[in-house]
Amino acid sequence: MKHLSRFAFAMLFAVAAALCLAAFHQPSIPTAFAAVAGAQDQAPPDQGAPDQGPDPASVNMAPSGPSYTTEAPPPDQSAAPGQAPDDSGYAEMPTQQATEPPPPLPDYDQPPAPADGYIWTPGYWAWGPGGYYWVPGAWVEPPYDSALWTPGYWGFYGGRYLFYPGHWGLHIGFYGGINYGFGYIGLGYEGGYWNRGHFFYNRAYNHINVRVVHNTYNYNAGNRGNYNSGNRGNYNDGNHGNNNNRNNYNDRNNNNNNDRNNNNNNNRNDNNPRPSYRGGAGVQYRPQPSEREAAHEPTAPRMNTQVQHEQNYGGVRGQFADQNHGRPATPAISRPIPADRGSRPASSNQSRGGQQGGQHGGQQGGGHHR
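Residues numbered from 1 in each chain as written. Predicted model: local features only at pLDDT ≥ 70, side-chain atom pairs only at ≥ 80, totals over all residues. Heavy atoms only, no water.

### Examining the overall build of the protein
Alright, step 1. Along its length, the protein carries seven helices and 14 strands.
Alright, step 2. Sorting the 370 residues of the protein into buried and exposed places 50% on the buried side.
Alright, step 3. Sequence-distant contacts, at least 24 apart, represent 74% of the contacts inside the protein between residues at least 6 apart.
Alright, step 4. Summed over its atoms, the accessible surface of the protein is roughly 17,400 Å², and 54% of this surface lies on carbon and sulfur atoms. (Helix = DSSP H or I, 4+ residues; strand = E, 2+ residues; numbered from the N terminus. Buried < 20%, exposed > 50% of the residue type's maximum accessible area, 1.4 Å probe, protein only. Contact = heavy atoms within 4.5 Å. Areas by Shrake-Rupley, 256 points an atom, 1.4 Å probe, with all protein chains shown as cover.)

### Observations regarding the pairing of strand 8 (residues 160–164)
Alright, step 1. Among the five residues of strand 8, four are classified as buried, and the element is accordingly described as predominantly covered.
Alright, step 2. Both strand 1 (residues 96–98) and strand 8 contribute to a ladder of three bridges, which runs antiparallel. Paired with Gln96 across the bridge in strand 8 is Phe163.
Alright, step 3. Sheet analysis places strand 7 (residues 153–157) next to strand 8, joined by five bridges and oriented antiparallel. Across the sheet, residue Tyr157 finds its bridge partner in strand 8, namely Arg160.
Alright, step 4. Here strand 7 hands over to strand 8 after two residues, with Gly158 in that stretch at a positive phi of 60°. (Pairing = 2+ DSSP bridges.)

### Quick look at the environment of Pro54
Alright, step 1. For Pro54, the position within the fold is in the loop between helix 2 (28–41) and strand 1.
Alright, step 2. Between the C-alpha atom of Pro54 and that of Tyr219, which follows or precedes it by 165 residues, the distance is 9.2 Å.

### With respect to the sheet that holds strand 6 (residues 148–150)
Through backbone hydrogen bonds, the strands of a sheet pair up, either in parallel or in antiparallel fashion.
Alright, step 1. Read across the open sheet, the three strands follow the order 6-9-14; overall the sheet is antiparallel. Two strands bound the open sheet, and with one partner strand each, they are strand 6 and strand 14 (299–301). Pairwise comparison of adjacent strand axes, ignoring direction, gives a mean angle of 30° for this sheet.
Alright, step 2. Across three bridges, strand 6 lies against strand 9 (residues 167–169) in antiparallel orientation. Its bridge partner being in strand 9, Leu148 is matched across the sheet by Gly169. (Axes fitted to C-alpha atoms, helices over the stretch in contact; angles between N-to-C directions.)

### Considerations on the sheet that holds strand 11 (residues 198–202)
Alright, step 1. The three strands are arranged 10-11-12 in an open sheet whose pairing can be described as mixed. Unpaired on one side and paired on the other, strand 10 (192–195) and strand 12 (216–217) mark the two borders of the sheet.
Alright, step 2. Examined bridge by bridge, strand 10 and strand 11 share four bridges and lie antiparallel to one another. Considered in strand 11, the bridge of Asn195 is made with His198.

### Some points on the environment of Pro331
Alright, step 1. Inspection of the secondary structure assignment puts Pro331 in the loop between helix 5 (321–324) and helix 6 (348–358).
Alright, step 2. Since its relative accessible area comes to 2%, Pro331 is described here as buried.
Alright, step 3. Spatially, the C-alpha atoms of Pro331 and Asp109 are 8.2 Å apart, while their sequence positions differ by 222 residues.

### Brief notes about the nonpolar core
Alright, step 1. Ranked by size, the top nonpolar core spans 58 residues in total, and within it Trp120, Tyr132, Trp154, Trp168, Tyr180 and Tyr184 carry the most contacts.
Alright, step 2. Mapped by element, the contributors of at least two residues to this core are strand 2 (119–121), strand 3 (124–128), strand 4 (131–135), strand 5 (138–140), strand 6, strand 7, strand 8 and strand 11.
Alright, step 3. Residues Ala57, Ala204, Tyr205 and Tyr217 belong to the second largest nonpolar core, which totals nine residues. (Core = buried A, V, L, I, M, F, W, Y, C linked by side-chain atoms within 4.5 Å.)

### A closer look at helix 4 (residues 304–312)
Alright, step 1. Listed in full, the buried residues belonging to helix 4 are Gln306, Val307, His309 and Glu310. Here the buried residues of helix 4 occupy an arc of 155° about the axis, which is enough to place them on one side. (Arc of directions from axis to C-beta.)

### Considering the packing of aromatic side chains
Alright, step 1. For the coordinates displayed, the defined rule picks out 24 aromatic pairs.
Alright, step 2. With centroids separated by 5.4 Å and ring planes inclined at 65°, the aromatic side chains of Trp120 and Trp139 adopt a geometry described as edge-to-face. One end of the pair, Trp120, is in strand 2; the other, Trp139, is in strand 5, with 19 residues separating them in the sequence. Neither residue differs from the other here; Trp120 and Trp139 are each classed as buried.
Alright, step 3. Pairing Tyr132 with Trp154 gives two aromatic rings, centres 5.3 Å apart and planes at 75°, and the pair type is edge-to-face. (Phe/Tyr/Trp six-rings, centres within 6.5 Å; stacked < 30°, edge-to-face > 60°.)

And the structure:
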């Protein structure tokens, strides 16, 4: 009887111990699932919804801070009230000069990217003997790996309007705060970024065919840096594919001026024109620290193929503002511009010094551009 009692007690003790151990380990099951779920929530921003996580294109801005460079930023020159200071310390030397302001920026559709690795260069107003004419936007093959395009812009200074041409560099420089659209929102570039030799395109700002372009993501920067208001070139606004002006992607000899609905990227009316210059009655904006730092980095001027592209439209009647009333016959072209492999980055001082003698000096008389 004593042996039976001891056996029953031992069995009860074993059962109680098993129950205690089970109760002790039970909370670890949901904890493990929670850890897995937490790891799944930490997905890269490219895979999440728009506007989630950090901005991938922030790498396009030059690092700023006292430890980044020992070179002091160029001082602002004095200017009369209502006009911006001379921008030659932040941009390329001016190549064009006019006594009247450039027209507002037109609205137009971006042609689809032709292939991986091409960079969008927005259209702009150029000055010639016949006045302002529109240089169409185009996809351009960059001159070297990881090159980014800083657009040119017009600035009002000393009672005149000066054009500071664009340039290539590893970071986006100063372009007057002008909202050219398609990722050039006035500060930096939201259209994409380079990563390990490949360019990743932001579908929120570019017309992308994913069967042709393979590295894409989706991030909407909202109104950050958008100094001209509106949502120009934003392909996340429900108008993607609303290309009523598809025939405006023509070359310069095809003057198809079918632009009655040429406002579909902005959802605005013509009562809200987009300034195309800095200072005066245009955009009021000063260089930011990252743009100041980018001015000290090696840059390359626009390529010969880009200069030729500008000159090609200097004699096309439908491109001149006094003929098209601000609506160019060819606002953008679908044919990409090839790279000029002879273009290489140089120090900012060398680049600007070389341009001043070879370009600016011959500009005022004949209106020819470099």
